[in-house]
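Chain by chain, the residues:
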Amino acid sequence: MHEFPITQQIIKLAEKHATKLGASRVKSIKLVVGDYSGFVGDSIQMYFDVISEGTLCEGATVEIQRVKPKMKCTGCGELFEREFLSFNCPKCGADGEPTEIGKEFYIESIEIIK
Ligand SMILES: [Zn+2]
């Protein structure tokens, strides 16, 4: 449910951006959402259509690029996707440690129509 306020913020930001550039409306918004960001892309999409009604973002498409979380091997430095119930590096078998990869949440780009 916490996708609701974040979607409101995204729309506000996109509108600000569009207004500043003198656009008539927002065409598309590209988001990068890590699987560990705590946000669900599908929910953002769903809320977007409802909240954007009557704003410059109405009818805009939301593209969501998902990022799979990765671990970093403490042995060889390899970045890898965690297997179920395993934290071990597929290359050398050493333990992996968590990284920031997969926690992303940001607006990559906003496309406008003048
Ligand atoms: Zn390794």
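Each remark here, short or long, concerns the structure printed above.
Residues numbered from 1 in each chain as written. Predicted model: local features only at pLDDT ≥ 70, side-chain atom pairs only at ≥ 80, totals over all residues. Heavy atoms only, no water.

### Some points on the overall build of the protein
Step number 1: Secondary structure summary: the protein contains two helices and six strands in total.
Step number 2: Walking the protein from its N terminus toward its C terminus, one meets helices and strands in the order α-β-α-β-β-β-β-β.
Step number 3: Computed over the C-alpha atoms, the radius of gyration of the protein is 18 Å, more than 25% above the 13 Å expected from 2.2 N^0.38 for a compact globule of 114 residues.
Step number 4: For the protein, the spread of C-alpha atoms along the principal axes amounts to about 55 × 25 × 15 Å.
Step number 5: Counting over 114 residues, the protein shows a buried share of 32%. (Helix = DSSP H or I, 4+ residues; strand = E, 2+ residues; numbered from the N terminus. Rg over C-alpha atoms; globule rule 2.2 N^0.38 Å. Buried < 20%, exposed > 50% of the residue type's maximum accessible area, 1.4 Å probe, protein only.)

### Overview of the sheet that holds strand β1 (residues 25–34)
Step number 1: Overall, mixed pairing links the three strands, which are arranged β2-β1-β6 in an open sheet. Each edge of the open sheet is held by one strand with a lone partner, namely β2 (61–67) and β6 (105–113). Strand after strand, the sheet turns through a mean of 15° between neighbouring axes, direction not considered.
Step number 2: Contacts from helix α1 (residues 3–20) reach β1 and β6, with the element oriented near 40° to β6.
Step number 3: Here helix α2 (residues 41–51) sits on the sheet in contact with β1, β2 and β6, set at roughly 170° to β2. (Pairing = 2+ DSSP bridges. Axes fitted to C-alpha atoms, helices over the stretch in contact; angles between N-to-C directions. Contact = heavy atoms within 4.5 Å.)

### Concerning the pattern of salt bridges
Step number 1: Tallied over the full model, the rule gives four salt bridges.
Step number 2: One salt bridge in this structure joins Arg66 and Asp35, with 3.0 Å as the shortest N-O distance. Of this pair, Arg66 sits in strand β2 while Asp35 sits in the loop between β1 and α2, and the two are 31 residues apart along the sequence.
Step number 3: According to the relative accessible area criterion, Arg66 is exposed, its value standing at 58%.
Step number 4: Given the relative accessible area of 30%, Asp35 is considered partly exposed.
Step number 5: One salt bridge connects Lys103 with Glu100, and the closest N-O pair in it is separated by 3.6 Å.
Step number 6: Residue classification places Lys103 among the partly exposed residues on the basis of a relative accessible area of 41%.
Step number 7: With a relative accessible area of 58%, Glu100 lands in the exposed category. (Salt bridge = Lys/Arg side-chain N within 4 Å of Asp/Glu carboxyl O.)

### Points about the environment of Ala18
Step number 1: Looking at the secondary structure, you find Ala18 in helix α1.
Step number 2: For Ala18 and Lys114, which are 96 residues apart along the polypeptide, the C-alpha to C-alpha distance reads 8.7 Å.
Step number 3: Ignoring anything within four residues of it in the chain, the contact list for Ala18 reads Ala23, Val26, Leu56 and Ile112.

By themselves, these figures tell us nothing about what the structure is for.
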